[in-house]
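Below are the chains, spelled out letter by letter.
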Amino acid sequence: NNTVQTLEQISANCPTPFSLADNKQRAFAPVDDKTIASSDSNVETSVEVNAQQQQPPPPHNAHSPSRTHRSGAHKKVDFANAEGGQASLRRVLRAYSLYDQDVGYCQGMNFLAGMFITYVPEEEAFWLLVSVMNESPCRMRGLFGVGMLEAHQVLYVAEQLISQFYPKLAKHFDQENIHITMFATQWLLTMYTSSFPFDVVTRIWDCFLSEGWKVTYRIMLALLESAGPQLMKMHFEEILNYFKEMAFYLDSNDLLESAFKIQLKKKHIAKYAKEWVHKEAEKKKKKEQQH
């Protein structure tokens, strides 16, 4: 499998200034449930998402099981000795929060780590997360930094590319008050790991690990190209429902083939990224002048 080979290559080349073994006491020390309660649902979702993604969406009138809440005294959770996917995921994410304390943990990172854990042992998964966050061509760290500035930049670039390649669809979205954040945030900030079947995700990551962000935008444009005729006939709620369900009916071969036929150039991405930087600088300048 190309994804496994690429992940192994990245893991082998990772630097080792931070050792999980040396920092095990800090990274995996027991903490009480209250400390991790806010992120538990995300962790559970990340570990279980692969199985859920293989199933078709439920009928619109189906009832979702309600989540039960813990009660009573808080229990100690032994991160060092706990077993299972959720425990592995917590260890990797907590270790990264110690390794990169400026970023810490941010929602969305759990999906990335969860995918890596599916393929490789925990320590390798940790270093893979370090690599895709910091090294070219992926460099995802800025998406999760203070203010998530690069996340805003990525969404701006995506919005401009949609207007460039599919102006009629972009106009229709505008008329229906569909904003880029309503469908593309999960796609782009988790590199499709949070909402697409695993066979599609692994094909995308084969390309992303080799070619970087250009592939990310290609996939987004290919998804909209295939869905365009249907979306043009829909209104606000129908469009949002369509985006929730479209992932379950994708063919990974067709998607990748369509994506690489799109005439997207690096200069297009660079143009809009630079445009966003200029606009942000202007906003900052105006605020300073007002004060």
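In this text, all values refer to a predicted model and were calculated from it rather than measured experimentally.

Q: Honestly, the layout of surface pockets in this entry has me stumped. Any pointers?
A: Regions of empty space are outlined by a rolling probe, equal in size to a water molecule, passed over the atoms. Considering only enclosed or pocket space, the second largest pocket measures out at about 430 Å³ in volume. At the level of secondary structure, the elements contributing two or more residues to the lining of the second largest pocket comprise α6 (122-134), α7 (149-165), α11 (213-231) and α14 (266-290).

Q: It is not clear to me how the side chain of Thr-216 should be interpreted in this structure. Could you clarify?
A: Along the polypeptide, Thr-216 turns up in helix α11. On the accessibility criterion, Thr-216 (1% relative accessible area) is buried. Not counting chain neighbours up to four residues away, the residues in contact with Thr-216 comprise Leu-188, Met-191, Tyr-192 and Phe-208.

Q: I tried to follow the packing of aromatic side chains on my own but got confused; where do I start?
A: When we look at a pair of aromatic rings, we describe it by the centre distance and by the angle of the planes. Enumeration according to the criterion identifies 18 aromatic pairs in this entry. Measuring from ring centre to ring centre gives 5.8 Å for Tyr-99 and Trp-127, while their planes differ by 85°; the resulting arrangement is edge-to-face. With a gap of 28 residues between them, Tyr-99 in helix α4 (residues 85-99) and Trp-127 in helix α6 connect regions that are remote in the sequence. For Tyr-99, a relative accessible area of 27% gives the class partly exposed. Of the residues examined, Trp-127 reaches a relative accessible area of 6% and is grouped as buried. When the centroid spacing of 6.5 Å and the interplanar angle of 50° are considered together, the rings of Phe-165 and Tyr-166 count as tilted. Tyr-166 sits in the buried class, given a relative accessible area of 15%. A connected cluster of aromatic rings, assembled from ring pairs, spans Phe-173, Phe-183, Trp-187, Tyr-192, Phe-196 and Phe-243.

Q: Would you explain the pattern of salt bridges in this entry?
A: Charged atoms that come close allow side chains of opposite charge to pair. For the structure on display, the rule yields four salt bridges. A salt bridge links Glu-122 to Arg-91; its shortest N-O distance comes to 2.7 Å. In this pair, Glu-122 is assigned in helix α6 and Arg-91 in helix α4, connecting sequence segments 31 residues apart. The class of Glu-122 is partly exposed, set by a relative accessible area of 23%. Its relative accessible area of 6% is what places Arg-91 among the buried residues. Across the pair Lys-283 and Glu-280 runs a salt bridge, and its minimum N-O distance is 3.5 Å. Separated by three residues within a single helix, Lys-283 and Glu-280 lie in helix α14, roughly one turn from each other.

Q: Sorry, what's going on with the environment of Trp-276 here?
A: Turning to its location among the elements, Trp-276 is positioned in helix α14. Taking the C-alpha atoms as reference points, Trp-276 and Val-157, separated by 119 residues in sequence, lie 7.8 Å from one another. The residues contacting Trp-276, other than those within four sequence positions of it, are Leu-149, His-152, Gln-153 and Tyr-156.

Q: Explanation requested: helix α10 (residues 198-211) in the structure shown.
A: Count 3.6 residues to each turn of an α-helix, and residues three or four apart come out pointing the same way. Taking 1.5 Å of rise per residue, the 14 residues of α10 would be expected to cover 20 Å, and the 20 Å separating its terminal C-alpha atoms lies within 8% of that figure. Burial analysis of α10 places ten of its 14 residues in the buried class, the great majority of the element. Taken as a whole, α10 has its buried residues at Phe-198, Val-200, Val-201, Thr-202, Ile-204, Trp-205, Asp-206, Cys-207, Phe-208 and Leu-209. Looking at the residues trailing α10, positive phi occurs at Gly-212, about 80°.

Q: What am I meant to see in unusual backbone geometry here?
A: A negative phi holds for most residues other than glycine; trans holds for most peptide bonds. Of note, the bond from Ser-136 into Pro-137 is cis; its omega dihedral lies within 30 degrees of zero at 5°. Take Pro-137: it is sitting in the loop between α6 and α7. You will see that Met-148, though not glycine, has its phi angle at about 50°, which is positive. In this structure, Asn-177 is a non-glycine residue whose phi angle is positive, near 60°. Here Asn-177 lies in the loop between α8 (167-175) and α9 (184-189).

Conventions adopted
- Residues numbered from 1 in each chain as written.
- Predicted model: local features only at pLDDT ≥ 70, side-chain atom pairs only at ≥ 80, totals over all residues.
- Heavy atoms only, no water.
- 1 Å grid on protein atoms, 1.4 Å probe; cavity = no way out; pocket = protein on both sides within 12 Å on 5 of 7 lines; lining within 4 Å.
- Points joined across faces, edges and corners; volume = space filled by probe spheres on them.
- Helix = DSSP H or I, 4+ residues; strand = E, 2+ residues; numbered from the N terminus.
- Buried < 20%, exposed > 50% of the residue type's maximum accessible area, 1.4 Å probe, protein only.
- Contact = heavy atoms within 4.5 Å.
- Phe/Tyr/Trp six-rings, centres within 6.5 Å; stacked < 30°, edge-to-face > 60°.
- Salt bridge = Lys/Arg side-chain N within 4 Å of Asp/Glu carboxyl O.
- Expected span 1.5 Å × (residues − 1).

These figures capture arrangement, not role.
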